[in-house]
Amino acid sequence: MNSITPKTHADPYCDGAVSNSWRQSHQADTGLPNDQAFFQKSFHAPRTPAPERGRRRIDIVSYHRTVPTGRLEAADPKERGAVFTRREVVDFILDLVGYTSDKPLHLMRALEPSFGEGDFLLPAIERLLDAWETDGRPDVHATLANAIVAVELQSGSYTKTRSRLMDLLTSRGIGLTAARRLTASWLVCGDFLLSSIGDGFDFVFGNPPYVRHDLIADVTMAQYRRRYRTITGRADIYVPFIERSLTALNRGGQLGFICSDRWMKNSYGGPLRQFVSEGFHLRFYVDMIGTKAFHKEVVAYPAITVLARQSSGPTRAARRPEIKSKTLSHLAKCLLDANQDSREVEEMLDIVKGNQPWILDDSGERELVRWLEDRFPSLEEVGCKVGIGVTTGADKAFIAQFDALDVEPDRKLPLVMTRDIATGRVAWRGLGVINPFGDDGKLVDLNSYPRLRAYLEEREPAIAGRYIARKSPHKWYRTIDRIDPVLVGRPKLLIPDIKGRAHIVYEDGHLYPHHNLYYIVSDQWDLHALQAVLISGVAQLFVGAYSPRMRGDCLRFQAQYLRRIRVPYWHDVPPSLRTKLIDAGKAKDVKASIRLVARLYGLSARQKAVLAKQCAST
Ligand SMILES: C[S@@+](CC[C@H](N)C(=O)[O-])C[C@H]1O[C@@H](n2cnc3c(N)ncnc32)[C@H](O)[C@@H]1O
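A short tour of the structure in this document, coming up. Not measured: the values here are computed from a predicted model.

Things to note about the overall build of the protein
Within the protein, the secondary structure is distributed over 23 helices and 19 strands. Expressed as a percentage of the 618 residues in the protein, the buried residues total 56%. A sequence separation of at least 24 residues applies to 74% of the contacts in the protein between residues at least 6 apart. Accessible surface for the protein amounts to roughly 26500 Å². Of this, 50% is attributable to carbon and sulfur atoms.

Side note on the packing of helix α19 (residues 527-546) against helix α23 (residues 605-616)
In a pair of packed helices, the angle between the axes and the distance between the axes together describe the arrangement. Close contact between α19 and α23 brings their axes to 8 Å; oriented N to C, the two are set at 90°. If you check the angle between α19 and α23, you find them roughly perpendicular. Facing I535, S536, G537, V538, Q540 and L541 of α19, the residues of α23 in contact are V610, L611, Q614 and C615. For the contact of α19 with α23, the residue count by class is 6 nonpolar, 4 polar and no charged.

A word on the pairing of strand β13 (residues 431-434)
Neither face of β13 is open: one carries L431 and V433, the other G432 and I434, and all of them are buried. Summarising the sheet, strand β11 (residues 399-401) and β13 pair through 3 bridges and their orientation is antiparallel. For I399, the partnering residue across the bridge sits in β13 and is V433. As paired elements, strand β12 (residues 412-416) and β13 share 3 bridges and run antiparallel to each other. By the bridge assignment for β13, L413 is matched with V433.

Focus: the environment of I258
Within the secondary structure, I258 is located in strand β5 (residues 249-260). Assessed through its relative accessible area of 0%, I258 is described here as buried.

A closer look at the layout of surface pockets
Space left empty within the atom packing is revealed by a probe, the size of a water molecule, rolled over the atoms. Here the second largest pocket is characterised by a volume of approximately 620 Å³. Around the second largest pocket, the lining comprises 31 residues; the ones closest to its centre are D361, D362, E365, G544 and R549. Elements that contribute at least two residues to the lining of the second largest pocket include exactly β6 (281-287), α14 (363-375), α19 and α23. Counting residues per element, the lining of the second largest pocket draws most heavily on α19, at 4 residues.

A few points about the packing of helix α5 (residues 87-97) against helix α6 (residues 121-134)
Axis separation between α5 and α6 bottoms out at 9 Å; the angle between their running directions is 50°. Here α6 runs oblique to α5, going by the angle between their axes. Seen from above, α5 lies across α6 with right-handed handedness. Each of R87, V90, D91, L94 and D95 in α5 lies in contact with α6, whose residues at this interface are P123, A124, E126 and R127. Among the residues forming the contact of α5 with α6, the class breakdown is 4 nonpolar, no polar and 5 charged.

Comments concerning the pattern of salt bridges
What the rule picks out here adds up to 26 salt bridges. Put simply, E322 and K324 hold a salt bridge, and the shortest N to O gap is 3.3 Å. In this structure K324 comes out as partly exposed when scored by relative accessible area, which is 46%. A salt bridge links R556 to D497, with the shortest nitrogen-to-oxygen separation between them at 2.5 Å. On the criterion of sequence distance, the pair formed by R556 in strand β19 (residues 555-556) and D497 in the loop between β14 (492-496) and β15 (498-499) is long-range, its members being 59 residues apart. Here R556 falls in the partly exposed class, since its relative accessible area comes to 21%. Ionic contacts of the salt-bridge type, sharing partners, join the residues R87, D91, D95, E126 and R127 into one network.

Quick look at the pairing of strand β4 (residues 201-206)
Looking down a regular strand, the side chains alternate between one sheet face and the other. Burial runs high along β4: 5 of the 6 residues are buried. Strand direction decides the pairing type here: strand β1 (residues 110-112) and β4, joined by 2 bridges, are parallel. By the bridge assignment, L111 is partnered in β4 with V204. Relative to β5, β4 runs parallel, the two being bridged by 5 bridges. In the sheet register, V204 faces β5, and the bridge partner there is L255.

Describing the nonpolar core
The biggest cluster of nonpolar side chains holds 102 residues, and the ones touching the most others in it are Y99, I148, W186, W263 and I304. Sorting elements by how many residues they give to this core places α6 first, with 8 residues. Those residues in contact with W186 that sit more than four places away from it in its chain are I125, L128, L144, A145, A147, I148, V149, A150, L165 and L169. With 52 residues, the next largest nonpolar core counts L372, C384, A532 and F542 among its residues.

As for α14
Here α14 spans 18 Å end to end across 13 residues, near enough to the 18 Å set by a 1.5 Å rise per residue. Every buried residue belonging to α14 is among G364, E365, R366, L368, V369, R370, W371, L372 and E373, and all of these are buried. Turning to α14, the residues buried within the fold contact β9 (346-348), α19, α22 (590-601) and α23.

As for the sheet that holds strand β16 (residues 505-507)
Strand order in this open sheet of 4 strands is β10-β18-β14-β16, and the pairing throughout is antiparallel. Strands at the two margins of the open sheet, each flanked by one partner only, are β10 (384-388) and β16. Taking the axes of each pair of neighbouring strands and ignoring which way they run, one obtains an average angle of 30° across the sheet. Bridging between β10 and strand β18 (residues 517-522) involves 5 bridges; their strand directions are antiparallel. Across the sheet, C384 pairs through a bridge with S522, a residue of β18.

Focus on the packing of aromatic side chains
Using the criterion set out here, one finds 12 aromatic pairs in the structure. Relative to F241, the ring of F192 has its centre 4.9 Å away and its plane inclined at 40°; by these criteria the two rings are tilted. Placement of the pair is F192 in the loop between β3 (187-189) and β4 and F241 in helix α11 (residues 238-247), with a sequence separation of 49 residues. Here the two residues F192 and F241 agree in accessibility, since each one is buried. Seen from their ring centres, Y210 and Y238 are 6.3 Å apart, and the 80° between their planes marks the pair as edge-to-face. You can see Y210 sitting in the loop between β4 and α10 (218-227) and its partner Y238 sitting in helix α11, a full 28 residues away along the chain. Each member of the pair, Y210 as well as Y238, carries the same accessibility label: buried. Taken together, the aromatic side chains of Y99, F120, F203 and F205 make up a single cluster linked through ring pairs.

Conventions adopted
Residues numbered from 1 in each chain as written. Predicted model: local features only at pLDDT ≥ 70, side-chain atom pairs only at ≥ 80, totals over all residues. Heavy atoms only, no water. Helix = DSSP H or I, 4+ residues; strand = E, 2+ residues; numbered from the N terminus. Buried < 20%, exposed > 50% of the residue type's maximum accessible area, 1.4 Å probe, protein only. Contact = heavy atoms within 4.5 Å. Areas by Shrake-Rupley, 256 points an atom, 1.4 Å probe, with all protein chains shown as cover. Axes fitted to C-alpha atoms, helices over the stretch in contact; angles between N-to-C directions. Parallel < 35°, antiparallel > 145°, perpendicular 65-115°, else oblique. Nonpolar A, V, L, I, M, F, W, Y, C, P; charged D, E, K, R; others polar. Pairing = 2+ DSSP bridges. 1 Å grid on protein atoms, 1.4 Å probe; cavity = no way out; pocket = protein on both sides within 12 Å on 5 of 7 lines; lining within 4 Å. Points joined across faces, edges and corners; volume = space filled by probe spheres on them. Left-handed = near helix turned anticlockwise from the far one by under 90°. Salt bridge = Lys/Arg side-chain N within 4 Å of Asp/Glu carboxyl O. Core = buried A, V, L, I, M, F, W, Y, C linked by side-chain atoms within 4.5 Å. Expected span 1.5 Å × (residues − 1). Phe/Tyr/Trp six-rings, centres within 6.5 Å; stacked < 30°, edge-to-face > 60°.

What follows is the structure in structure tokens.
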């Protein structure tokens with residue numbers, strides 16, 4: 001089901017007709033005659049389900065129908081992922097995919113899947129018209145009608161772009177009637193993910209929307225999930241956009257998107273990476289984090305990705321270029337010319353490997369990670385366990401000064417938080433957490449713990465109001481994560497989550513970690529020795545390679561990335577080295593750790609320098 005832009009007589013360019021291709025897609029979707037299909041889709045769309053937990057959700061399918069026109073115009077652009085691209089960046093991407101007017105673009109086909117206010121589309125059409133003029137302006141409709149398909153969900157943006165496009169076409173000497181016909185065949189107002197625009201494109205370019213899946217109505221999400229194999233977990237909408245756009249490419253066709261880079265490394269991007277690895281070549285990657293690529297500041301981690309439907313090959317990469325026409329035009333030439341040796345461009349091999357995260361860091365780091373991965377087992381294979389501290393869902397109720405928690409002694413645990421380890425050593429501030437779980441892992445019976453019952457009941461509104469408590473009312477007093485009290489007594493390494501640099505702190509077995517703190521415990525490895533390995537740059541190297549970068553160049557030191565770290569088995573570490581590693585860990589001696597770790601892994605001088613570089617910026 002899709003929405004259709006209603007006829008607007010006030011619009012001087014509107015000929016009152018919905019684009020033909022769009023009408024056809026409606027008919028194809030429903031199998032009904034045009035008008036009946038139109039009626040069904042426009043007026044019998046399912047009701048939007050109630051928003052969950054106070055968050056407004058967009059029902060993209062019935063978007064135009066459910067949001068009154070006035071509100072639609074004012075709809076939060078963030079919610080529909082409307083961030084428009086700067087002209088310099090648009091030209092750069094069009095150059096990279098080869099959409100250049102020295103080619104017979106009017107004989108080729110291009111797709112812009114979410115054209116917004118035309119910031120990508122119109123410069124592309126200028127190039128198309130240049131190519132068509134060079135060819136002597138053959139019959140307008142016959143030559144140009146199939147050259148572009150451009151889709152946009154939001155009717156306000158659609159209408160605005162249609163006017164801009166009419167202005168462009170008429171300014172290039174195309175008559176009003178021909179311009180109207182072209183516009184009607186090129187522009188589609190609807191949901192790209194659900195429309196039937198077909199395949200067979202030589203180029204796809206644009207800036208797909210970023211809309212988190214939980215902002216999309218369940219009914220729409222269910223339709224997306226049925227159609228797209230790459231949507232898993234919390235996948236953002238740009239993931240199926242990329243899948244659909246890649247499917248639309250001809251053999252040899254090229255896609256150029258500026259888009260969030262999250263999917264290249266994170267878990268929800270896995271199926272899309274797999275999809276890419278099954279038939280596409282990652283030709284260019286340009287890291288755009290921190291650049292002014294858009295018309296407004298956004299909290300996003302953009303990258304330009306150019307993918308071609310052809311067998312795999314090397315990837316040419318550049319990082320954070322200056323957003324100036326001259327700079328970008330020069331960079332495009334350097335990227336495109338494989339024979340040109342340029343300081344700005346790096347060539348990388350084997351970036352795309354099944355669903356594996358793409359390691360796009362600079363080559364020394366990438367090579368060292370791969371080298372270690374080929375030779376050493378992972379942390380968990382050598383007997384280390386990586387976990388995360390407790391999330392209670394209501395810290396104010398569950399956490400207080402340990403001594404002031406008026407419950408039975410075995411119902412509370414001393415808690416360590418990120419602030420307690422800020423100096424690099426544990427300085428416990430005396431907080432504790434309520435533990436409603438028994439040693440058997442089950443919730444305790446409150447009848448057996450009258451003080452705990454009284455404590456919890458006094459705070460019942462805060463505790464029982466949590467989502468987890470509403471879902472299972474008989475377990476209303478559980479913490480979100482199960483607490484395993486045995487962990488308190490185990491020595492552990494504590495690692496705070498979002499940090500620019502790895503911060504590894506030894507805790508000798510007295511405290512329970514709070515959420516945002518990851519921990520490593522081991523019955524095999526000595527934890528002081530492991531601390532030396534991790535502070536030598538090894539943690540930074542692996543997490544830097546696998547974690548997406550956050551604002552301020554921070555990394556996520558989460559379990560999934562920490563588990564990627566490779567170390568030898570403890571029994572393979574020579575006894576003399578063991579003692580030295582333990583001493584270096586205890587002293588938090590980074591220099592000694594680098595030296596010892598180079599021996600531990602058998603690193604070359606060059607590899608040791610790469611490791612040291614991880615710490616140099618610490
Ligand atoms: C990031 S903006 C990019 C616009 C334009 N390509 C540019 O670069 O300036 C994304 C656009 O996608 C539109 N959009 C959101 N969901 C869509 C969908 N399911 N189908 C088509 N367009 C959609 C939004 O309304 C918004 O205009």
